[in-house]
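# Architecture at a glance
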Amino acid sequence: MKRILSLFALLLFLTASLRAAAATADDTARFLAGLPCGSDSPLRQIESEKAWRDHAAFFNGAWTNLQRRQLDPIARSSVLGEAASTTGPMFYMFSGPDFLYASAFFPHASTYILAGLEPTGPLPDVTKPDDRLPDELANLRKSLDALLNWSFFRTKDMKIDLKQTRLSGTLPVLYVFLARQNCRIQSVDFVTLDASGNIVPAQEGAMGVRILFSGPGGKQTLYYFSTNLADGDINPKFLSFCAKQGDGVSLLKAASYLMHYDGFSTIRKFLLSHTKTIVQDDSGIPLKYFDQKTWRLRFEGVYTGPTALFKERYQADLMEVYSNSHPAPMTFGFGYQWRPKSSNLMVAERLK
């Protein structure tokens, strides 16, 4: 009997030791995304548990649906033109951790720069034996529910969902999207910015995180910065950092119509002066700010006006454009009007 108990204790010890062993960021990303890790990963044993198998089944089903409904139509779309194959920097302001649509529209960008109010959070760690893991995985799925179904995050929900567990902040969500987009993480570092806008190493939970990964564009870099983009709070170091990357492409989706207000004029002017191509729905930069001598505009979908929550952001001039030009229908949902038949999309190309 003593021998059996000793063997059982040894088994528990070895199990705990295996789980406690360091897992790579790429292993963790695949685990959180419901994808199997490498055979030598310390997470392989946890994958046999029901909580992870249920988690994987959810993501497999959700991703199959998302691929058919959104990602494949975006990949087939020709509305972006040459911008779809850009290998330069890509700016996505008011993004939260939405690397998914950044990579869907611009899979070959060398550098992705995402910015939102949501905190970076700590490095995700699922190697420690803990009975909270099933609830934490369920909460991660809940935090992604709106984006997987409607194409955008709900800011109010994100404030709650990204603070409840040790899988907190934007990093777990970024990990999921990287893994599911077939990217392999090489390294993850917390960063901040010096007075000149240069990257400086920082401690966990800093304003920014840098993820080096291999993806469709070869060696690529993802930055996420937790920062306020309102005029009175915008960090000049962040703008300097972005400017140093050179002119690039921009994505604006479900941006709460913030750049319709005077209080967000700085970031609006920055994007207009540092972007060669802007892809957006009507919640991005208002049509009136695009000078026809500077920009060539293309449209898809229909414009029926904002949802009830943002009804005061109606653009009469945009309605006139859609009424007169009869753009081609959209094949995927985009922004707050998340159904393809009610979505709108504008591509603005700065003239050379």
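Provided above is the structure to which this section pertains.
Presented here is an overview of the structure given in this document.

Rules of the game
Residues numbered from 1 in each chain as written. Predicted model: local features only at pLDDT ≥ 70, side-chain atom pairs only at ≥ 80, totals over all residues. Heavy atoms only, no water. Helix = DSSP H or I, 4+ residues; strand = E, 2+ residues; numbered from the N terminus. Buried < 20%, exposed > 50% of the residue type's maximum accessible area, 1.4 Å probe, protein only. Contact = heavy atoms within 4.5 Å. Areas by Shrake-Rupley, 256 points an atom, 1.4 Å probe, with all protein chains shown as cover. Salt bridge = Lys/Arg side-chain N within 4 Å of Asp/Glu carboxyl O. Pairing = 2+ DSSP bridges. Axes fitted to C-alpha atoms, helices over the stretch in contact; angles between N-to-C directions.

### Re the overall build of the chain
Scanning the chain for helices and strands turns up ten helices and ten strands. For the chain, buried positions account for 53% of its 352 residues. Counting only contacts in the chain whose residues sit at least 6 apart along the sequence, the fraction spanning at least 24 positions is 69%. Accessible area for the chain stands at about 16,000 Å²; split by element, carbon and sulfur atoms hold 54% of it.

### Side note on the pattern of salt bridges
Inspection of every chain in the model, using the stated rule, returns eight salt bridges. Between Arg350 and Asp247 there is a salt bridge, with its nearest N and O atoms 2.6 Å apart. Here Asp247 lies in the loop between α8 (236-244) and β7 (248-252) and Arg350 lies in strand β10 (residues 344-350), a separation of 103 residues in the sequence. Given a relative accessible area of 24%, Arg350 falls into the partly exposed group.

### Quick notes on the pairing of strand β6 (residues 218-226)
Taken together, the six bridges between strand β2 (residues 111-116) and β6 define a ladder with parallel strand orientation. Paired with Ile113 across the bridge in β6 is Tyr223. Here strand β5 (residues 208-215) runs beside β6; their pairing, made up of eight bridges, is antiparallel. Bridge pairing links Phe213 to Gln220 in β6. Connecting the antiparallel pair β5 and β6 is a turn made up of two residues.

### Here we look at the sheet that holds β7
Here we have ten strands laid out as an open sheet, ordered β4-β3-β5-β6-β2-β1-β7-β8-β10-β9, and mixed in their pairing. A strand with exactly one partner marks an edge of an open sheet, and here the two such strands are β4 (199-201) and β9 (295-301). Neighbour to neighbour, the strand axes of the sheet diverge by 25° on average, direction disregarded. In terms of strand pairing, strand β1 (residues 89-93) meets β2 through five bridges, oriented parallel. Looking across to β2, one finds that Met90 is bridged to Tyr112. Running over the sheet, helix α9 (residues 265-274) touches β1, β7, β8 (275-280), β9 and β10 and is turned about 120° from β8.

Limitation: the analysis is restricted to geometry and does not speak to function.
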